[in-house]
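# Geometric and topological summary
Each chain, letter by letter, is given below.
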Amino acid sequence: MTALDMDAMVNTVTGWMENPVKFARSHGVSVSATNDSDPEREIHILIVEGFLLYNYKPLLDVYNKSYYVTIPYEECKRRRSTRSYTVPDPPGLFDGHVWPMYLKHRIEMENNSLDIQYLDGMKSKEELYNQVYEDIQNSLLNAL
């Protein structure tokens, strides 16, 4: 966690929450409203992605939806072994550090009492996207 600039993350999310249109424009993103758009009814969605996001208490209150992709140990180890790093992993790093830290942080995350929807990382990217997209769409429709 100390290797990440979480204060900057909180400032960025807070800035977006205060005024999503102004925030987007200040970051070079064009925002166009529909012709019949009522500013009070506009829906803005911010997706915050990254590891350890559910372990940082100052951000826990801002999430409306939380998703966590899981994969089994064997698949995680296999995928990591296929990555090409400038400095390769030393032998034993995955079993001695990476996986134990994953388990530690996952337990901490689960103890934060967030309503997290777990996603099966063995599914295709398209299936995961469709599952999340449908869930968000249903939430928006139910909120109207």
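Described below are features of the structure shown in this document. Model, not experiment: these values are computed from the prediction.

### A look at the packing of helix α4 (residues 73–82) against helix α5 (residues 93–110)
Contact geometry of α4 with α5 gives a least axis separation of 12 Å together with a crossing angle of 115 degrees. The angle between α4 and α5 falls in the class roughly perpendicular. Of the two elements, α4 crosses α5, and the hand of that crossing is right-handed. Mapping the contact onto sequence places Y73, C76, K77 and R80 in α4 and L93, F94, D95, V98 and W99 in α5. Class assignment of the residues belonging to the contact of α4 with α5 gives a composition of six nonpolar, no polar and three charged.

### Considerations on the pattern of salt bridges
Per the stated rule, a full pass over the model turns up seven salt bridges. Ionic pairing is found between R80 and D89, a salt bridge with its closest N-O pair at 2.7 Å. Classification of D89 by relative accessible area gives partly exposed; the value is 30%. Between E110 and R106 there is a salt bridge; the shortest N-O distance is 2.9 Å. Taken together, the residues E110 and R106, both in helix α5 and four residues apart, mark about one turn of the helix. Note on E110: relative accessible area 37%, which makes it partly exposed. Beyond isolated ion pairs, a larger network of salt bridges with shared partners links E75, R78 and R79.

### Thoughts on the side chain of H105
Examined against the element boundaries, H105 turns out to sit in helix α5. You can call H105 buried: its relative accessible area is 17%. Excluding its chain neighbours within four sequence positions, the residues that come into contact with H105 are L52 and N55.

### Regarding the side chain of N55
When you line up the elements, N55 lands in the loop between α2 (20–26) and α3 (57–60). There is a polar contact of 2.9 Å between the side chain of N55 and the backbone oxygen of H105. A distance of 3.4 Å separates the side chain of N55 from the side chain of E108, its partner in a polar contact.

### Things to note about the nonpolar core
Note that soluble globular proteins tend to have their nonpolar side chains buried in a common cluster. Ranked by size, the top nonpolar core spans 12 residues in total: M6, V10, V13, L53, Y54, Y56, L59, L60, Y63, Y68, M109 and I116. Counting residues per element, the ones that place at least two in this core are α1 (6–18) and α3. Broken down by element, this core gets its largest block of residues, three residues, from α1. Ranked by size, the runner-up nonpolar core spans five residues in total, among them I71, C76, F94 and V98.

### Considerations on the environment of R106
Residue R106 is classed as partly exposed on the basis of its relative accessible area of 22%. Residues R106 and Y133, 27 residues apart in the sequence, show an inter-C-alpha distance of 24 Å.

### Overview of unusual backbone geometry
With a phi angle near 70 degrees, L52 is a residue other than glycine that sits in the positive phi range. Tracing the chain through its elements places L52 in the loop between α2 and α3. Positive phi, close to 60 degrees, is recorded for S113, a residue that is not glycine. Within the element layout of this structure, S113 appears in the loop between α5 and β2 (116–120).

Rules of the game
Residues numbered from 1 in each chain as written. Predicted model: local features only at pLDDT ≥ 70, side-chain atom pairs only at ≥ 80, totals over all residues. Heavy atoms only, no water. Axes fitted to C-alpha atoms, helices over the stretch in contact; angles between N-to-C directions. Helix = DSSP H or I, 4+ residues; strand = E, 2+ residues; numbered from the N terminus. Parallel < 35°, antiparallel > 145°, perpendicular 65-115°, else oblique. Left-handed = near helix turned anticlockwise from the far one by under 90°. Contact = heavy atoms within 4.5 Å. Nonpolar A, V, L, I, M, F, W, Y, C, P; charged D, E, K, R; others polar. Salt bridge = Lys/Arg side-chain N within 4 Å of Asp/Glu carboxyl O. Buried < 20%, exposed > 50% of the residue type's maximum accessible area, 1.4 Å probe, protein only. Polar contact = N/O pair within 3.5 Å; in protein donor to acceptor, adjacent residues only side chain to side chain. Core = buried A, V, L, I, M, F, W, Y, C linked by side-chain atoms within 4.5 Å.

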